[in-house]
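Coordinate inspection notes
Residues per chain are reported as follows:
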2 protein chains.
Amino acid sequence: MSLKFYYDLMSQPSRAIYVFLKVTGIKFESKPTILGKLGHKSEEFLKINPIGQVPVIDDNGFIVRESVGILRYLCREKGIPDHWYPKESKAQAKLDEFIEWQHIGLRLPCAFYFKLKWLEPRLTGEKPLESEIERFQPLMLDSCDLMETFWLNHNKKFLFGNHLTIADLLAVMELEQPKLCGFDPRQGRPRLAAYMASVKSETSPYYDEANKIIDKLASMSKL
Amino acid sequence: MSLKFYYDLMSQPSRAIYVFLKVTGIKFESKPTILGKLGHKSEEFLKINPIGQVPVIDDNGFIVRESVGILRYLCREKGIPDHWYPKESKAQAKLDEFIEWQHIGLRLPCAFYFKLKWLEPRLTGEKPLESEIERFQPLMLDSCDLMETFWLNHNKKFLFGNHLTIADLLAVMELEQPKLCGFDPRQGRPRLAAYMASVKSETSPYYDEANKIIDKLASMSKL
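Residues numbered from 1 in each chain as written. Chains lettered and ligands numbered in written order. Predicted model: local features only at pLDDT ≥ 70, side-chain atom pairs only at ≥ 80, totals over all residues. Heavy atoms only, no water.

Quoted verbatim from the Subcellular location (unreviewed entry) field of UniProt, the annotation for chain A is "Cytoplasm". Of chain A, the UniProt comment under Sequence similarities (unreviewed entry) reads exactly: "Belongs to the GST superfamily. Theta family." (UniProt positions renumbered as here; feature names shortened; annotations may be inferred.)

Pasting the structure below:
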């Protein structure tokens, strides 16, 4: 098959692209890459991405790295309905506003909180530093509040109207990650809760399929 | 004038767009916005960007936020030579790889190091936490090394060949910021040093114009 997809479902952007490929019906060869020395840091994978990060696609020999770049490329190349990433210049600029904001505005605080509270203690056996939690937890809460009060401050189903865009998939997967540390961004944020439910329902059953590993780990953490 | 540009030259992405507008000859109305309560957190500015961040453009009433989104919009709308952000799909995907990587791959560590070592001590009068410096300094060094060994691992003048792209402006402005803390990424990285010199020379005199405030503050810090 011409399109190979390297991913790990523990990675938020990997899950966004996984759901995108499934929902849009793009055929791909699955290359699950377990994060760690034998996976994304293996000699074989570093040939594909010397930076050692998933997701990556190999489209008939053409390698594309970085989730936002991958999604834009797939929208251009694979005959995807326009609502996913509109070609019209102003609509595209509005989508880009969110997509470019979310890297440091949403992904960074949610992913760092997950890393500090869940991942690093499991790798090192050491407790997280309170000073670091104190820096990143408020940033994460502010980001979730901005989702509720600014980005979703309208009566539409999704971020940019009543059709899904690539922005929605990127957003929800970042918002799902801190569940591993027992944090649910939906609580006290009714618009965000309704929005996440809409994305999940619109992308069913792939949403649950993509999140099955973190859902399982989250339920184990509660025991 | 139809295009208004809100910026602060202390902000790396503001400087990237400033140089872009000047070099490409796009006419704009200058709206310098001093960072702080009277500037980007003022009631007037929050109407333009409720997130309270510069840069922002107002193109005849159409507001665009987020530097990468702004640059992509300007390339589409203002008849800019194609080399700045190529329309050809694969070339664009390669540029997107860098642009999307740099948010967390380059901007985050350089900007956080600057924030911890320079900005916060000046705002609070308190010394930075060693544990935080120990986290972000190695990330910054790794990013600079990746610039040297991966992104610039070719014999071309700029990141994507012998013509400037929007990726170059975004990159160099992040790399200039840690000079305020006495860190020069050029040292021990000959490709990066030659590259930054090429971007500066190609965009003269606007490069120095954009950096004049941080250059002055950096020289004051040395005294």
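**Let's talk about the interface of chain A and chain B**
By a widely used convention, the size of an interface equals the accessible area lost when the partners come together. Counting from both sides, the interface comprises 40 residues of chain A and, opposite them, 40 residues of chain B. Across the chain A/chain B interface, buried area totals approximately 3,600 Å², and carbon plus sulfur atoms make up 58% of it. Counting across the chain A and chain B interface gives nine salt bridges. With a shortest N-O distance of 3.1 Å, glutamate 97 of chain B and arginine 65 of chain A are connected by a salt bridge. Linking chain A with chain B are 20 residue pairs in polar contact (both at pLDDT 80 or more). Ranked by residues supplied to the side of chain A that touches chain B, first place goes to helix H4 (residues 89-124) of chain A with 17 residues. In terms of residue class, the side of chain A that touches chain B is made up of 19 nonpolar, six polar and 15 charged. (Contact = heavy atoms within 4.5 Å. Buried area = accessible area lost by both parts, 1.4 Å probe. Salt bridge = Lys/Arg side-chain N within 4 Å of Asp/Glu carboxyl O. Polar contact = N/O pair within 3.5 Å; in protein donor to acceptor, adjacent residues only side chain to side chain. Helix = DSSP H or I, 4+ residues; strand = E, 2+ residues; numbered from the N terminus. Nonpolar A, V, L, I, M, F, W, Y, C, P; charged D, E, K, R; others polar.)

**Section: helix H8 (residues 206-222) of chain B**
Residue and element names in this part refer to chain B. The first and last C-alpha atoms of H8 sit 24 Å apart over 17 residues, in line with the 24 Å expected at 1.5 Å per residue. By the largest-angle criterion, lysine 212 marks the main kink of H8, which is about 60°. When H8 is considered as a whole, its buried residues turn out to be Tyr207, Ala210, Asn211, Ile214 and Ala218. The inward-facing, buried residues of H8 abut helix H1 (12-24), helix H6 (166-176) and helix H7 (190-202). (Expected span 1.5 Å × (residues − 1). Bend = angle between axes of the 7 residues up to and from the residue. Buried < 20%, exposed > 50% of the residue type's maximum accessible area, 1.4 Å probe, protein only.)

**Considering the pairing of strand S3 (residues 56-59) of chain A**
Each regular strand displays side chains that alternate between the two surfaces of the sheet. Residues and elements named next belong to chain A. Burial along S3 is two-sided: Val56 and Asp58 and Ile57 and Asp59, pointing in opposite directions, are all buried. Bridge analysis of strand S1 (residues 3-7) against S3 gives four bridges, and the strand direction is antiparallel. Paired with phenylalanine 5 across the bridge in S3 is isoleucine 57. Between S3 and strand S4 (residues 62-65), which pair antiparallel one after the other, the connecting turn spans two residues, and asparagine 60 there sits at a positive phi close to 55°. (Pairing = 2+ DSSP bridges.)

**Some thoughts on the relation of the copies chain A and chain B**
Least-squares fitting of chain A to chain B yields an RMSD of 0.0 Å, with the superposition described by an axial translation of 0.0 Å and a rotation of 180°. Taken together, these values place the two copies in the relation of a two-fold axis. (Least-squares fit on C-alpha atoms with pLDDT ≥ 70 in both.)

**Examining the environment of aspartate 168 of chain B**
Residue and element names in this part refer to chain B. For aspartate 168, the location among the structural elements is in helix H6. A relative accessible area of 0% places aspartate 168 in the buried class. Aside from chain neighbours lying at most four places away, what touches aspartate 168 is Phe158, Leu159, His163, Tyr195 and Val199. Looking at aspartate 168, its side chain comes within polar contact range of the main-chain nitrogen of leucine 159, at 3.0 Å. There is a polar contact of 2.9 Å between the side chain of aspartate 168 and the backbone nitrogen of threonine 165.

**Notes on the sheet that holds strand S3 (residues 56-59) of chain B**
All names here are of chain B. On the basis of which strands lie adjacent, the open sheet formed by four strands has the order S2-S1-S3-S4 and mixed pairing. Pairing within the sheet leaves two strands with one partner each, and these edge strands are strand S2 (29-32) and strand S4 (62-65). Strand-to-strand twist of the sheet, defined as the mean angle between neighbouring strand axes without regard to direction, takes the value 20°. Alignment of strand S1 (residues 3-7) against S2, held across four bridges, turns out to be parallel. Counterpart to tyrosine 7 in the pairing with S2 is proline 32. (Axes fitted to C-alpha atoms, helices over the stretch in contact; angles between N-to-C directions.)

**Side note on empty space enclosed by the protein**
What the rule picks out here adds up to one cavity of 30 Å³ or more. In this model, the largest cavity occupies a volume close to 40 Å³. In this structure, the largest cavity is lined by Glu97 and Trp151 of chain A together with Asn49, Ile51, Gln53, Arg65 and Glu66 of chain B. For the lining of the largest cavity, the class distribution of residues is two nonpolar, two polar and three charged. (1 Å grid on protein atoms, 1.4 Å probe; cavity = no way out; pocket = protein on both sides within 12 Å on 5 of 7 lines; lining within 4 Å. Points joined across faces, edges and corners; volume = space filled by probe spheres on them.)

**Focus: the sheet that holds S3 of chain A**
All names here are of chain A. Ordered in space as S2-S1-S3-S4, the four strands form an open sheet in which the pairing is mixed. The open sheet has two free edges, formed respectively by strand S2 (29-32) and S4, since each of these has just one partner strand. For this sheet the average axis-to-axis angle between neighbouring strands, irrespective of direction, equals 20°.

**A word on helix H7 (residues 190-202) of chain A**
The end-to-end C-alpha distance of H7 of chain A is 18 Å, a good match for the 18 Å that 13 residues give at a rise of 1.5 Å each. Against helix H5 (130-151), helix H6 (166-176) and helix H8 (206-222) of chain A lie the buried residues of H7 of chain A.

**Here's the deal with the pattern of salt bridges**
Taken as a whole and assessed by the stated rule, the structure comprises 35 salt bridges over all chains. Between lysine 94 of chain B and glutamate 97 of chain B there is a salt bridge, and its shortest N-O distance comes to 3.0 Å. Here lysine 94 of chain B pairs with glutamate 97 of chain B, and both are found in helix H4 (residues 89-124), just three residues apart, close to one helical turn. Where aspartate 208 of chain B meets lysine 200 of chain B, a salt bridge forms, and the shortest distance between an N and an O atom there is 3.1 Å. Three or more residues are tied together by salt bridges with common partners; here these are Arg72, Asp96 and Glu100 of chain A together with Arg72, Asp96 and Glu100 of chain B.

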